[in-house]
Amino acid sequence: MHFEENNLYHIYNRGNNKQPIFFNRENYLYFLKKIQKYIFPNCQILAWCLMPNHFHLLIKADGNSTKNIKHHPIEINALTEAIRLVLSNYSQGINKQNNSTGSLFQQKTKVKCVSSKDDNYGYTTFKYIHQNPLKAKMVSKLEE
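Note that this is a predicted model, so its numbers are computed, not measured.

### Some thoughts on the pairing of strand E3 (residues 54-61)
In terms of burial, E3 is a largely internal element, 7 of the 8 residues being buried. In the sheet, strand E2 (residues 43-51) pairs with E3 via 8 bridges, with the strands oriented antiparallel. Bridging from a neighbouring strand, Ile45 pairs with Ile59 of E3. A loop of 2 residues connects E2 with E3, the two strands running antiparallel in sequence.

### A word on the packing of helix H1 (residues 25-39) against helix H3 (residues 78-98)
One way to put it is that H1 packs onto H3 with a least axis distance of 9 Å and a crossing angle of 155 degrees. In terms of axis orientation, H1 runs roughly antiparallel to H3. Judged by the sense of rotation from one axis to the other, the crossing of H1 with H3 is right-handed. Residues Asn27, Tyr30, Phe31, Lys34, Ile35, Tyr38 and Ile39 of H1 touch H3, and the partners they reach there are Leu79, Ala82, Ile83, Leu85, Val86, Leu87, Asn89, Tyr90, Gly93, Ile94 and Gln97. Looking at the contact of H1 with H3, its residues break down into 13 nonpolar, 4 polar and 1 charged.

### Considering the nonpolar core
Ile11, Phe31, Ile39, Phe55, Ile59, Leu79 and Phe105 are the most contacted members of the largest nonpolar core, which has 24 residues in total. Listing elements by their share of this core, those giving two or more residues are strand E1 (8-14), H1, E2, E3 and H3. Broken down by element, the residue count for this core peaks at 7 residues, all from H3. Apart from residues no more than four positions distant in its own chain, Phe55 is found in contact with Ile11, Tyr12, Asn13, Ile21, Phe31, Cys49, Leu50, Leu87 and Phe105. Judged by nonpolar contacts, the second largest core, of 7 residues, contains Leu8, Met51, Leu58 and Val114.

### A look at the sheet that holds E2
Taken in spatial order, the 4 strands line up as E2-E3-E1-E6 in an open sheet, and their pairing is antiparallel. Bordering the open sheet on either side are E2 and strand E6 (110-113), each of which pairs with just one other strand. For this sheet, the mean angle separating the axes of adjacent strands, direction not counted, is 15 degrees. Where E1 and E6 come together, 4 bridges link them in antiparallel fashion.

Cut-offs and rules
- Residues numbered from 1 in each chain as written.
- Predicted model: local features only at pLDDT ≥ 70, side-chain atom pairs only at ≥ 80, totals over all residues.
- Heavy atoms only, no water.
- Buried < 20%, exposed > 50% of the residue type's maximum accessible area, 1.4 Å probe, protein only.
- Helix = DSSP H or I, 4+ residues; strand = E, 2+ residues; numbered from the N terminus.
- Pairing = 2+ DSSP bridges.
- Axes fitted to C-alpha atoms, helices over the stretch in contact; angles between N-to-C directions.
- Parallel < 35°, antiparallel > 145°, perpendicular 65-115°, else oblique.
- Left-handed = near helix turned anticlockwise from the far one by under 90°.
- Contact = heavy atoms within 4.5 Å.
- Nonpolar A, V, L, I, M, F, W, Y, C, P; charged D, E, K, R; others polar.
- Core = buried A, V, L, I, M, F, W, Y, C linked by side-chain atoms within 4.5 Å.

Printed below as a string of structure tokens:
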């Protein structure tokens, strides 16, 4: 994944075959702890949403995000590695909890640059992320 400093990015992924990735309240909290441990030190998190079968993050890349931490055989930046660690560690925990094996998430995490000087795409993405539970009828008011 390629990140440029000061750009906004929408990062998202979902369960294989659209299956759940969160099975109870503790799973959500465990995922957030992984985000805090690995992703938070490498960018500014502007918005997030955890849904039963997918997640969304809106982040602003900074100098830590773009710093290359692995160089061989390919260069990997700190934020890419952080995302990999969150998904890998979380998947291992869920597989242990559910006595299962295999991939929990779809193969490629989506990363879309939403910075633009000409429009409000970042703001639109911010609203979209926060409206997910409302559109899914998981809550009756946005404030919930």
